Amino acid sequence: MTNHLPLVMNWPGLLAWRYSFDVAATKGEAPYFAVFEDDFADAAAMAAARASPQGQRVAADVANYATGGAVIIHYPVQDDTG
């Protein structure tokens with residue numbers, strides 16, 4: 001991840017990011033070794049970041065550490081601060 005995270009930090013429009021290698025399942029073994037979340041203003045900003053040259057470098061680097069493949073999930077986040 002010493003190469004991947006610096007690539008991520010250069011994504012245009014990136015508002016925040018989080019990751020963990022301490023992934024556990026409530027029962028049995030977790031199917032994933034890591035989790036990563038990134039925040040963008042909206043889906044269009046995320047799509048533009050992924051299509052950018054920086055985004056292409058991030059995508060190309062995934063195979064260097066996720067040898068078993070990667071699952072990418074897109075979802076809108078609902079905030080309730082009230």
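A brief report on the enclosed structure follows. (Residues numbered from 1 in each chain as written. Predicted model: local features only at pLDDT ≥ 70, side-chain atom pairs only at ≥ 80, totals over all residues. Heavy atoms only, no water.)

1. Here's the deal with the side chain of D61
As a reminder, the rule being used: Secondary structure is summarised from DSSP: a helix means a run of H or I of at least four residues, a strand means a run of E of at least two, and numbering begins at the N terminus for each. Type-normalised accessible area, obtained with a 1.4 Å probe on protein chains alone, sets the label of each residue: buried when under 20%, exposed when over 50%, and partly exposed for intermediate values. Residues counted as positive are Lys and Arg, residues counted as negative are Asp and Glu, and His and the chain ends are not counted. Salt bridges, as used here, are contacts in which a Lys or Arg side-chain nitrogen is within 4 Å of a carboxyl oxygen on Asp or Glu. Contacts are assigned to residue pairs with any non-hydrogen atoms lying within 4.5 Å of each other.
Following the sequence through the fold, D61 ends up in helix α3 (residues 53-61). This buried residue, D61, is left without a salt bridge; R57 holds the nearest opposite charge, at 10 Å. Those residues in contact with D61, other than ones at most four positions away along the chain, are N3, H4 and L7.

2. Regarding the layout of surface pockets
Operational definition: The method works on a 1 Å grid over the protein atoms by themselves. A cavity is a set of points holding a 1.4 Å probe that cannot get out, a pocket is an open set with protein on both sides within 12 Å along at least five of seven lines, and residues with an atom within 4 Å of a point line them. Grid points are joined across faces, edges and corners, and a volume is the space filled by probe spheres set on the points. Under the scheme applied, nonpolar residues are Ala, Val, Leu, Ile, Met, Phe, Trp, Tyr, Cys and Pro; charged residues are Asp, Glu, Lys and Arg; polar residues are all the others, including Gly.
Size it by volume and the largest pocket reaches roughly 1,200 Å³. Lining the largest pocket are 38 residues, and of these F36, D38, V71, I72 and I73 sit closest to its centre. Contributions of two or more residues to the lining of the largest pocket are made by α1 (4-9), β1 (16-20), β2 (35-39), α2 (43-51) and α3. When residues in the lining of the largest pocket are grouped by element, the largest group, five residues, is from β2. A per-class count over the lining of the largest pocket returns 26 nonpolar, six polar and six charged.

3. Topic: the environment of P31
Among the secondary structure elements, P31 is positioned in the loop between β1 and β2. Given a relative accessible area of 69%, P31 falls into the exposed group.

4. Some words on the packing of aromatic side chains
Note the cut-off: Aromatic contacts are taken between Phe, Tyr and Trp rings whose centres are within 6.5 Å, Trp giving its six-membered ring; a plane angle under 30 degrees counts as stacked, one over 60 as edge-to-face, and the others as tilted.
Taken as a whole and judged by the stated rule, the model has six aromatic pairs. Plain terms: the ring middles of W11 and F40 are 5.6 Å apart, the flat faces sit at 45 degrees to each other, and that makes the pair tilted. Linking W11 in the loop between α1 and β1 with F40 in the loop between β2 and α2, this pair joins segments that are 29 residues apart in sequence. With a centroid separation of 6.3 Å and 25 degrees between ring planes, the pair formed by W17 and F36 is classed as stacked. Here W17 is found in strand β1, whereas its partner F36 is found in strand β2, with 19 residues between them in sequence. A relative accessible area of 28% means that W17 is categorised as partly exposed. Grouped by ring-pair contacts, the aromatic residues W17, Y19, F21, F33, F36 and Y65 constitute a single cluster.

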